[in-house]
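What follows is each chain in one-letter form.
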Amino acid sequence: MQSQSTPAVILRTRPLGEADLLAIVLTPEQGKLETAAARARNSKKRFAGGLSPGMRGVAAIARGRGALLRLESFDATAAHAPVGADLTRFAYVAYLCELTDELVLARHPDPELFAALCLALEQVIGGAPQALHLRQYELALLRCLGLSPALTSCCVCGSEVGGDGSAAFDGPRGGVLCLEHERGAPRLPTAALAAIQHLESGGEPADLASAPAALRRAVRDAIQSIVRSHLRRPLHAQAFFAALPRDAGAEGV
Ligand SMILES: [Zn+2]
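Here the structure is a predicted model, which is why all the values come from computation and not from measurement. (Residues numbered from 1 in each chain as written. Predicted model: local features only at pLDDT ≥ 70, side-chain atom pairs only at ≥ 80, totals over all residues. Heavy atoms only, no water.)

Student: Could you give an account of the side chain of Gln136, with specific residues and numbers?
Tutor: Within the element layout of this structure, Gln136 appears in helix α4 (residues 131-144). Residue Gln136 is classed as buried on the basis of its relative accessible area, which comes to 11%. Residues contacting Gln136, with those up to four places away along its chain left out, are Gln123, Leu199, Gly202, Gly203 and Pro205. (Helix = DSSP H or I, 4+ residues; strand = E, 2+ residues; numbered from the N terminus. Buried < 20%, exposed > 50% of the residue type's maximum accessible area, 1.4 Å probe, protein only. Contact = heavy atoms within 4.5 Å.)

As structure tokens, this is what we get:
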């Protein structure tokens, strides 16, 4: 049967029988797909660079027998070797892929999300990996899922939340809260809210690289409180990152 070529990112693989792999891939026009890669574990021709999470390339996908699609070939279009040479990069890439796989439903195409993942992977693999790249991707992913946090008006009543140094912020409830609705929610510094807005609107993560570590941690904790509330389980990538030596990354995943 004829196969279709599509840009794709490998999100996850697992063994399927003796020599095959199940490969979960994200594509711009068909969304997240489950594919079977026959003889992938020893085909140097069709899967020359292997099939590792975070690899970006062109996939040839065909209908298989039954529901499972067939991954006929995968040609990497971006260098992936740096991932194997650096534990921080490896952990960041694993996190980006696992987070996407966990939160994105199968066959819900979203070209904007695909582009955001490709950008984050390029930043983390092709450049110097920064935790702020992860934060920006988390915000893009939340936006694509319709889960963006409220940053300027109360997430319950919509009234404007004035900033006098800090604002009540409750990630699982949806963002900032007014005086009437804050009900003991933790405070988030206004500077952290501004940093989140900067990342949310596509601002350069590098602009925040010199911000105090406490501010970057506050940004991380605020965004992750939202992300966590939508996950069914803790991510393996986060446990892996927690086990890395402390100097491996500033704020972590
Ligand atoms: Zn309110």
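Next comes the rest of the write-up.
Student: How would you explain the sheet that holds strand β3 (residues 31-37) if you had to name every residue and give the values?
Tutor: Taken in spatial order, the 5 strands close into a barrel running β1-β2-β3-β5-β4, and their pairing is mixed. Each strand of the sheet is rotated relative to its neighbour by a mean of 50 degrees, with strand direction disregarded. As judged from the 7 bridges shared by strand β2 (residues 20-27) and β3, these two strands associate in the antiparallel manner. Of the residues in β3, the one forming a bridge with Leu26 is Lys32. Lying on the sheet, helix α3 (residues 111-126) is in contact with β1 (4-16), β2 and β4 (56-63); it crosses β1 at an angle near 70 degrees. (Pairing = 2+ DSSP bridges. Axes fitted to C-alpha atoms, helices over the stretch in contact; angles between N-to-C directions.)

Student: Kindly report on the sheet that holds strand β8 (residues 187-189), identifying the contributing residues and their values.
Tutor: The strand order across the open sheet built from 3 strands is β7-β6-β8, with neighbouring strands paired in antiparallel fashion. Whereas interior strands pair on both sides, the edge strands pair on one side only; in this sheet they are β7 (175-177) and β8. Neighbour-to-neighbour, the strand axes of the sheet open up by a mean angle of 55 degrees, direction not taken into account. Bridge analysis of strand β6 (residues 166-170) against β7 gives 3 bridges, and the strand direction is antiparallel. Across the sheet, residue Phe169 finds its bridge partner in β7, namely Val176. Where helix α5 (residues 190-200) meets the sheet, its contacts fall on β6, β7 and β8, and the angle it forms with β8 comes to roughly 70 degrees.

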